[in-house]
Amino acid sequence: MTERITCRRVYEETSPQDGKRVLVDRVWPRGVRKEDAHLDEWLREVAPSSELRRWYGHEPARFAEFRRRYRAELRDAGHREAARHLLDLAAHDRLTLLTATKDVDHSQAAVLAEWLTGHERAGT
């Protein structure tokens, strides 16, 4: 990830370095009131499909295959539009992708940040 796109848990304290804070989970995080989330947006359209999310189950042994499948989903029309929006946000400010997942390194936010960073370098 570059300095412009980072990932954090939605449960962590906000930071002045966060820039735009976007929740990228399909479902709202447990125990977080919307007014306490300090989000700029909730972009559930960019999250993995419910089917893929259920299949993965946050099992680290499945992460490589999850990553491959999620990157394939990011090419479909709905995901692509949401991802373009994130690229636009990152072009103008720092972008923090938020997730409720405990293991951020093995989350859709990490895959998405990697994917966005690759597109950012490619100039797309």
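Everything discussed here concerns the structure shown above.
Residues numbered from 1 in each chain as written. Predicted model: local features only at pLDDT ≥ 70, side-chain atom pairs only at ≥ 80, totals over all residues. Heavy atoms only, no water.

**Thoughts on helix α2 (residues 63-73)**
Listed as buried for α2 are Phe63, Phe66, Tyr70 and Glu73. Down the axis of α2, the buried set is contained in an arc of 75 degrees. They therefore lie on one face. (Buried < 20%, exposed > 50% of the residue type's maximum accessible area, 1.4 Å probe, protein only. Helix = DSSP H or I, 4+ residues; strand = E, 2+ residues; numbered from the N terminus. Arc of directions from axis to C-beta.)

**Digging into the layout of surface pockets**
Counted as a void, the largest pocket has a volume near 370 Å³. Lining of the largest pocket is provided by 18 residues; of these, Asp25, Val27, His58, Ala100 and Thr101 occupy positions nearest its centre. For the lining of the largest pocket, the per-class residue count stands at 8 nonpolar, 4 polar and 6 charged. (1 Å grid on protein atoms, 1.4 Å probe; cavity = no way out; pocket = protein on both sides within 12 Å on 5 of 7 lines; lining within 4 Å. Points joined across faces, edges and corners; volume = space filled by probe spheres on them. Nonpolar A, V, L, I, M, F, W, Y, C, P; charged D, E, K, R; others polar.)

**Section: the environment of Lys20**
Position of Lys20 relative to the elements: it lies in strand β2 (residues 20-23). As a C-alpha pair, Lys20 and Ala109 span 89 residues in sequence and 14 Å in three-dimensional space. For Lys20, the contacting residues outside a window of four places in its chain are Asp40, Leu89, Asp93, Arg94, Leu95 and Thr96. (Contact = heavy atoms within 4.5 Å.)

**Let's talk about the pattern of salt bridges**
Pairing is possible between side chains of opposite charge, provided their charged atoms come close. Applying the stated rule across the entire model yields 9 salt bridges. Here Arg8 makes a salt bridge to Asp18, at a shortest N to O gap of 2.6 Å. With Arg8 in strand β1 (residues 5-9) and Asp18 in the loop between β1 and β2, this pair connects stretches of sequence that are 10 residues apart. On the basis of relative accessibility, which here comes to 16%, the residue Arg8 falls in the buried class. Note on Asp18: relative accessible area 4%, which makes it buried. A single salt-bridge network, built from bridges that share partners, covers Arg8, Glu12, Asp18 and Arg21. (Salt bridge = Lys/Arg side-chain N within 4 Å of Asp/Glu carboxyl O.)

**So, the packing of aromatic side chains**
All chains considered together, the criterion is met by 5 aromatic pairs. Each ring, one from Tyr56 and one from Phe66, has its centre 4.2 Å from the other, and the planes form 15 degrees; the classification is stacked. Of this pair, Tyr56 sits in helix α1 (residues 50-56) while Phe66 sits in helix α2; the two residues are 10 residues apart in sequence, bridging distant segments of the chain. Take Tyr56 and Phe66: they sit in the same class, and that class is buried. An aromatic cluster of three or more residues is present, and its members are Tyr56, Phe63, Phe66 and Tyr70. Its guanidinium or amino end placed over the ring of Trp42, Arg44 lies 3.7 Å from that ring's centre, counting from NZ or CZ. Geometry around Trp55 places Arg62 over its ring, the cationic atom sitting 5.1 Å from the centre. (Phe/Tyr/Trp six-rings, centres within 6.5 Å; stacked < 30°, edge-to-face > 60°. Lys NZ or Arg CZ within 6 Å of the ring centre and 35° of its normal.)

**Regarding the nonpolar core**
One recurring pattern in soluble globular proteins: nonpolar side chains tend to sit buried together. Counting 27 residues, the largest nonpolar core has Val46, Leu86, Leu95, Leu97, Leu112 and Leu116 as the members making the most contacts within it. Counting only elements with at least two residues in this core, the list comes to β1, α1, α2, α3 (77-92), β4 (95-99) and α4 (108-122). Leu112 has contacts with Val24, Val46, Tyr70, Leu74, Leu86 and Leu97, leaving out every residue within four places of it along the chain. (Core = buried A, V, L, I, M, F, W, Y, C linked by side-chain atoms within 4.5 Å.)

**Digging into the sheet that holds β1**
Read from one edge to the other, the open sheet built from 4 strands follows the order β1-β4-β2-β3, with strand pairing classed as parallel. The sheet is open, and its two edges are formed by β1 and β3 (41-42), each paired on a single side. Relative to β4, β1 runs parallel, the two being bridged by 5 bridges. Residue pairing in the sheet places Cys7 in a bridge with Leu97 of β4. (Pairing = 2+ DSSP bridges.)

As far as function goes, none of this settles anything; it's purely spatial.
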